[in-house]
Amino acid sequence: MEGDMTDVNHKPPRWATRFLRWYCRPELAEDLEGDLHEFFQRNVASAGLRQARWIYVLDVLKFLRLYTVRQPSFFHFLTHWIMLRSYLTTSGRNMVRHKLFSFINIAGLAVSMSVGLVVIGVLSDVLSYDTFHVHRDRTYRLISRYEYMGDKGNSFMATSSQRAARLIRENFSGVEELVAVRGQFQGDWQLGEKIVPLNGFWTQPSFFNVFSFELIQGNAATALQKPFSVVLTETSARKLFGDEDPIGKTMVFNKDRSYTVTGVVKDIPFFSHIKFEMLGSLSTLEIVAAEEWRKDAWDDVWNTWVYLRLPPKTELADFDARLAQLSAHEDPSVPDTHIELDLQPMKEIMFSDSMGNQIGPVMGGTLLWVFGGLAFVVIVSAGLNYTNLSIARALRRTREVGVRKAIGAMRSHVMMQFLVEAMLISLCALSLALVCFILLRPHFLTIEPDIQKMFTLQLSPGVLVMFFVFAVVVGLLAGLVPSLFFANVRTLQVLKGGSFQGPQKVTGRKVLMVVQYCISIILVCVSIGVYRQYIHYINYDLGFSTENILNLSLQGNSANVLKKELADLPEVKGMAQSMIVTSVGNYWGTNMRYPGNPLDTIGTGVSYNTIDEHYLPLHGHQLIAGRNFLPKPDSARETEVIVNQQVLKRFDIGGQEPEKALGDVLRVDRKDMTIVGVMKDFSYGRANDRTSREIIFRHDPRQVRWLNIKIQSDDWIATYEKIEAIWKRIDPNHPMEARFYNDQIAESFSGLKATVKLAGFLAFLAICIASLGLLGMVVFTTEVRMKEISIRKVMGASEATLLFLLGRGFMLLLLLAAGISVPLVVLGFEQVVFPNIANHAPINLGEMLWGVVGVLAVALLTIVTQSLKTARANPAEVLKNE
Amino acid sequence: MKGTNLGEFEELVLLTIATLVSEAYSVAICDDLAQKTGRGVKLGVVHSVLNRLEEKGLAKSHLGEATKERGGKRKRYYTVTNAGKAALVRAKEMRDQYWNILPELKWKGI
């Protein structure tokens, strides 16, 4: 091969060659490297430099084989072991000598690691869900997607239909077990004088085959067979029967029928996605709910969960195809409806937060990713601090390394020493982080009500091992760059002149600082921005008044009895009844048509609330035309409706003039109803929701479930207690469920509030870490420039000039960080967040800038205090040593 | 028995070493094999075979002079050992035995 000169000058990637030398046996290495080099030159000539480099790298990797790999030397391991003591001693001494730096490193790592620990804890909790089920890997949930009139807008729901369950059981081969679980088995058990409210599901005998819930009394095969059978959990059984044997006992449910206890199941493990206090036999429903339960309807997909177990190695694609066939076969039974079925593996249930109709609270993959990602950023940030500070202090350590090398330490020994040191620091940080974790745990668990139901964050041995591994990994990663740096120290240069200046490139450190402050400022601005939205939403003008209204859930009690008692209280200024509480995220919908337009045969979905005649004035809803509902007896038929402006617009009733619309008839729920009033539009869903524009109010006293009480009082607590006393008189069995309307609105945005809390907390951490890093850098820089400063001072520089000199560089970097991050946040809100949420508040730049000023003020304080120390130092003290 | 028998590719490599005489180093062997057999021969495969042949004692190697195109690295030249020669001869004889008893007529009939 006669490559010309230019060819020979092309070099294969250096790192690949190094890697080859590192792993290859010494006796093979030279020859192999030569061969690859020869091929590389050929490839450069034939395929170009890029291609050749790429092939070279691939070849290096391909040669990583059993016969080429160097045997690890036992001797090496031995020396490392022997030296471990020495490493630990040196590291310990070094940590004690440089207390400030050790503190910065340990504190920074500890703070960030505590977040990492929370994430590990959450992950370990989520992953331990449902593990007690023996066949968890083969258990699936049948999920469905409801499509009406070709509207593909709905997402999958966790529920599916009883009919689908039956058809799969009857017609599908290769389904080992299948069970349908129906919701809303809740009510009061009466046993003599005792009344105990319990919650649970209706289900079939196969329940105990599909799941591994342990039946400790009764026969699993028959316990849920016959109608009016009920299986209790241990706790519920004790509540009802104390220490007596519950099997065979009968008790009355909701003052109606009596049921027999046929089994007792062991209490449900905490980490089960299905939680219940009792199970009723599904066959009961066929008797008690024969009329309203559309048992065999294909589109009754709202309240039945279906679980099934498949044999090992089932092709899911085949099964899906059969489900599609089933849908195609069944769809014609319900006009205009398509129901898509799919299987969801049991282990994915806890992550499926985008799915509606969950059987219990789920975690949500998104939240985990976001939180995990932020924790990662914070930990990387702290790790980089460590790396940064260690290298910055190279000046002090290089001579030690030089001596070590001179007396025979190899590269690997030096690396080992610094890795051990990093791990020591990271393990110290772990113990501190563990304390933080234990302090943080209760706060984290109470951020949102659901979190407490889902996580325990218990420190099990497994979790502790994971923590330990985590700390070691963090230590290894943080120590890698310093150890490589020190391993490459040139012995002679260091020992001869002592003029080693440490790393010359400071760009990296500057970039790091800017990045850390960017993260801090972004987190601060995001917290402020989201908090602004939260405040905006809970004070949002909904179009009606929610002031001083207490919403009381009737829980099946008669509204009239309660009203009579409550009317005696002087604080109660008015009372109304409604079916749901609007504007807190409750939706109740039906289909509506306008017969006045014969072409419009489809109609539209409409949201509604059923109210009484006091509701509108009590809430200050504004009628544009017509009148309020008139009082009517409970038994009267429903004939009247009040609509909002959007309804007129949707159907073009009366040329959209409210007055002309009065008296027109709408068909709602297969009933003709006359429009008696038109009210102004208001927010029916939540303030941040754009849907549910067409709204109607219906009038049917039998449908109400809430009492809305308007209260005027100076002593709210006393009033509340008075109301509670009345409630206790009327219903001694159930605790009163009453909330002020404004509190309910605030609660409906608790997710947003939790976001603010989390982002704020992470911002705090990021600021801590960035400040610690900055502190380290300032201390280091000022120490290095001590002599220079002293000479300047002797020459007549004032303290102010020196302060400016020392702080200028840092301040410029901080301003740069602010300059980058604030526009990023604003852009993020404007382009990504706002287009996706309705009725948002405009961004408040002023508030955000205050946040930025706050962060910069903390940084400035760090810079000034340290610089001042240097600037004030007596130059004579510093210079006298020369 | 394993270890004394020659695999097909091993035999080819050993023959190439023998024919190349003093120029038998990995890349040259690779090129020669590719040219003669007409199939794509991977350096990695040749390398591991050479390594195995040396382990079996059928070939031996020594390092040569450094050249410019190999980034200053020396070549490793291979030569066939006596055991290697014996193995080649044995392989050939074994084949010849079959060829000798294969009647010409039958051969044409195929």
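For clarity, every value in this text was computed on a predicted model and none was experimentally measured.

1. Considering the overall build of chain A
The number of helices and strands found in chain A is 29 helices and 21 strands. Counting the 882 residues in chain A, one finds 49% classified as buried. Sequence-distant contacts in chain A: of pairs separated by 6 or more residues, those separated by 24 or more amount to 79%. Working note: accessible area of chain A is about 42900 Å², and carbon and sulfur atoms make up 59% of it. Here chain A holds 89 positive side-chain charges and 84 negative ones, and the gap between their average locations is 11 Å.

2. Brief notes about the overall build of chain B
A tally of helices and strands in chain B yields five helices and two strands. Helices and strands in chain B line up, N terminus first, as α-α-α-β-β-α-α. For chain B, whose C-alpha radius of gyration is 17 Å, the value lies well above the compact-globule estimate of 13 Å for 110 residues. Structurally, chain B occupies a C-alpha span of about 60 × 30 × 20 Å along its principal axes. In chain B, which comprises 110 residues, the share counted as buried stands at 38%.

3. A few points about the packing of aromatic side chains
Both the distance between ring centres and the angle between the ring planes are used here to describe each pair of aromatic rings. Residue and element names in this part refer to chain A. Summed over all chains, the structure comprises 38 aromatic pairs over all chains. Considering the side-chain rings of Tyr 129 and Phe 271, the 5.2 Å spacing of their centres and the 70° angle between planes classify their relative orientation as edge-to-face. Taken together, the residues span a long stretch of sequence, with Tyr 129 in the loop between α6 (99–127) and β1 (139–148) and Phe 271 in the loop between β7 (257–265) and β8 (278–281) at a distance of 142 residues. Exposure remark for Phe 271: the relative accessible area of 18% places this residue in the buried category. Taken together, Phe 132, Phe 201, Phe 207, Phe 208, Phe 211, Phe 213, Phe 276, Trp 305 and Tyr 307 form an aromatic cluster joined through their ring pairs. The ring of Phe 39 has Arg 42 sitting right over it, with the charged end atom 5.0 Å from the ring centre. Over the ring of Tyr 608 we find Arg 698, and its NZ or CZ is 4.5 Å from the ring centre.

4. Thoughts on the pattern of salt bridges
Tallied over the full model, the rule gives 41 salt bridges over all chains. Where Arg76(B) meets Asp31(A), a salt bridge forms, and the shortest distance between an N and an O atom there is 4.0 Å. Of this pair, Arg76(B) sits in strand β2 (residues 74–80) while Asp31(A) sits in helix α3 (residues 26–47), which puts the two residues in different chains. Its relative accessible area of 12% is what places Arg76(B) among the buried residues. Classification of Asp31(A) as buried rests on a relative accessible area of 1%. A salt bridge links Asp296(A) to Arg166(A), with the nearest nitrogen and oxygen atoms 2.9 Å apart. Of this pair, Asp296(A) sits in the loop between α10 (283–288) and β9 (304–309) while Arg166(A) sits in helix α7 (residues 162–171), placing them 130 residues apart in sequence. Look at Asp296(A) and you get partly exposed, because its relative accessible area is 35%. Three or more residues joined by partner-sharing salt bridges are found here, namely Arg163(A), Arg166(A), Glu170(A), Asp296(A) and Glu330(A).

5. A few points about the pairing of strand β14 (residues 604–611) of chain A
Residue and element names in this part refer to chain A. Burial within β14 is extensive, with seven of its eight residues counted as buried. Strand direction decides the pairing type here: strand β13 (residues 589–593) and β14, joined by four bridges, are antiparallel. Bridge pairing in β14 links Thr 590 to Val 606. Of the pairings in the sheet, the one linking β14 to strand β19 (residues 695–699) comprises five bridges and is parallel in character. Bridge assignment links Ile 611 to a residue of β19, and that residue is His 699.

6. Some remarks on the domain arrangement of chain A
How big an interface is tends to be reported as the loss of accessible area on association of its parts. Structurally, chain A comprises domain 1 (5–62), domain 2 (162–296 + 300–333), domain 3 (365–535 + 751–879) and domain 4 (572–711). A straight line from the C-alpha centre of domain 2 of chain A to that of domain 3 of chain A covers 54 Å.

7. Some points on unusual backbone geometry
All names here are of chain A. Although it is not a glycine, Asp 130 sits at a positive phi angle of roughly 65°. With respect to the helices, strands and loops of the structure, Asp 130 is situated in the loop between α6 and β1. Overall, the relative accessible area of 0% leaves Asp 130 in the buried class.

8. Considerations on the interface of chain A and chain B
Facing 21 residues of chain A, the contacting portion of chain B comprises 20 residues. For the chain A and chain B pair, buried surface summed over both sides reaches about 1900 Å², with 52% attributable to carbon and sulfur atoms. Summed over the shared surface of chain A and chain B, the number is four salt bridges. For the salt bridge of Arg42(A) with Asp31(B), the shortest nitrogen-to-oxygen distance reads 2.5 Å. With 14 residues, the single largest contributor to the side of chain A that touches chain B is α3(A). Across the side of chain A that touches chain B, the residue classes tally to nine nonpolar, three polar and nine charged.

9. Description of helix α28 (residues 845–872) of chain A
Residue and element names in this part refer to chain A. Look at α28: 39 Å from first C-alpha to last across 28 residues, which is about the 40 Å you get at 1.5 Å a residue. Taken together, the buried positions of α28 are Met 848, Gly 851, Val 852, Val 855, Leu 856, Ala 859, Thr 862, Ile 863, Gln 866, Ser 867, Thr 870 and Ala 871. Measuring from the backbone nitrogen of Gly 846 back to the side-chain oxygen at the start of α28 gives 3.2 Å, which picks out Asn 844 as the cap.

10. Points about the side chain of Asp35(A)
Residue placement: Asp35(A) occurs in helix α3. Relative accessible area serves as the criterion here: at 0%, Asp35(A) is assigned to the buried category. At 2.9 Å, the side chain of Asp35(A) forms a polar contact with the side chain of His47(B). Residues within four places of Asp35(A) in sequence aside, it is in contact with Tyr25(B), Ser26(B), Val27(B), Leu43(B), His47(B) and Arg70(B).

11. Notes on helix α4 (residues 82–101) of chain B
Residue and element names in this part refer to chain B. Over its 20 residues, α4 extends 29 Å from the first C-alpha to the last, a length consistent with the 28 Å expected when each residue adds 1.5 Å. Those residues of α4 lying buried are Gly 84, Ala 87, Leu 88 and Ala 91. Within α4, the buried residues cover an arc of 100° as seen down the axis, which keeps them to one side. Among the exposed residues of α4, those oriented more than 90 degrees off its buried face are Asn 82, Gln 97, Asn 100 and Ile 101.

12. Describing the environment of Val514(A)
Residues and elements named next belong to chain A. Looking at where Val 514 falls in the secondary structure, it is placed in helix α18 (residues 507–538). Along the backbone, Val 514 and Leu 815 are 301 residues apart, and their C-alpha atoms lie at a distance of 8.9 Å. For Val 514, the residues in contact, after removing those within four places along its chain, are Leu 813, Leu 816, Ala 817 and Ile 820.

13. Quick word on the nonpolar core
Residues and elements named next belong to chain A. Met 113, Val 122, Phe 371, Phe 444, Phe 455, Tyr 517 and Leu 774 are the most contacted members of the largest nonpolar core, which totals 88 residues. In terms of residues, this core owes the most to one element, helix α25 (residues 750–784), which gives 16 residues. Among all residues touching Val 122, those that are not within four sequence positions of it are Met 363, Leu 368, Phe 444, Phe 455 and Leu 457. By size, the runner-up hydrophobic cluster in this structure holds 44 residues, among which are Val 581, Tyr 594, Tyr 608 and Leu 618.

14. Notes on a nonpolar patch on the surface
Residues and elements named next belong to chain A. Judged by side-chain polarity, Leu 427, Val 465, Phe 468, Val 469, Val 473 and Leu 477 come together as a nonpolar surface patch covering roughly 520 Å² of accessible area. Mapped onto the fold, Val 473 is located in helix α16 (residues 461–487). A relative accessible area of 40% means that Val 473 is categorised as partly exposed.

15. A closer look at the state of the cysteines
All names here are of chain A. Tallying each qualifying case throughout the model produces zero disulfides over all chains. Free of any disulfide, Cys 428 has its nearest cysteine sulfur in Cys 436, 14 Å distant. Of all cysteine sulfurs in the structure, the one in Cys 518 sits closest to Cys 525, which takes part in no disulfide; the separation is 11 Å. Given the relative accessible area of 0%, Cys 525 is considered buried.

16. Thoughts on the pairing of strand β2 (residues 177–191) of chain A
Remember that side chains alternate between the two faces of the sheet whenever the strand is regular. Residue and element names in this part refer to chain A. Bridge analysis of β2 against β9 gives six bridges, and the strand direction is antiparallel. The residue bridging Arg 182 from the neighbouring strand is Thr 304, located in β9. Of the pairings in the sheet, the one linking β2 to strand β3 (residues 194–203) comprises nine bridges and is antiparallel in character. Directly across from Asp 188, in β3, lies its bridge partner Pro 197. Where β2 lies against strand β6 (residues 250–253), two bridges are found, and the strand directions are antiparallel. Of the residues in β6, the one forming a bridge with Gln 190 is Val 252.

Parameters at a glance
- Residues numbered from 1 in each chain as written.
- Chains lettered and ligands numbered in written order.
- Predicted model: local features only at pLDDT ≥ 70, side-chain atom pairs only at ≥ 80, totals over all residues.
- Heavy atoms only, no water.
- Helix = DSSP H or I, 4+ residues; strand = E, 2+ residues; numbered from the N terminus.
- Buried < 20%, exposed > 50% of the residue type's maximum accessible area, 1.4 Å probe, protein only.
- Contact = heavy atoms within 4.5 Å.
- Areas by Shrake-Rupley, 256 points an atom, 1.4 Å probe, with all protein chains shown as cover.
- Lys, Arg positive; Asp, Glu negative; His and termini not counted.
- Charge placed at Lys NZ, Arg CZ, Asp CG, Glu CD.
- Rg over C-alpha atoms; globule rule 2.2 N^0.38 Å.
- Phe/Tyr/Trp six-rings, centres within 6.5 Å; stacked < 30°, edge-to-face > 60°.
- Lys NZ or Arg CZ within 6 Å of the ring centre and 35° of its normal.
- Salt bridge = Lys/Arg side-chain N within 4 Å of Asp/Glu carboxyl O.
- Pairing = 2+ DSSP bridges.
- Domains from an automatic or database assignment.
- Buried area = accessible area lost by both parts, 1.4 Å probe.
- Nonpolar A, V, L, I, M, F, W, Y, C, P; charged D, E, K, R; others polar.
- Expected span 1.5 Å × (residues − 1).
- Polar contact = N/O pair within 3.5 Å; in protein donor to acceptor, adjacent residues only side chain to side chain.
- Arc of directions from axis to C-beta.
- Core = buried A, V, L, I, M, F, W, Y, C linked by side-chain atoms within 4.5 Å.
- Patch = residues over 30% accessible without salt bridge, like charges linked within 9 Å, V, L, I, M, F, W, Y side chains within 5 Å.
- Disulfide = S-S within 2.5 Å.

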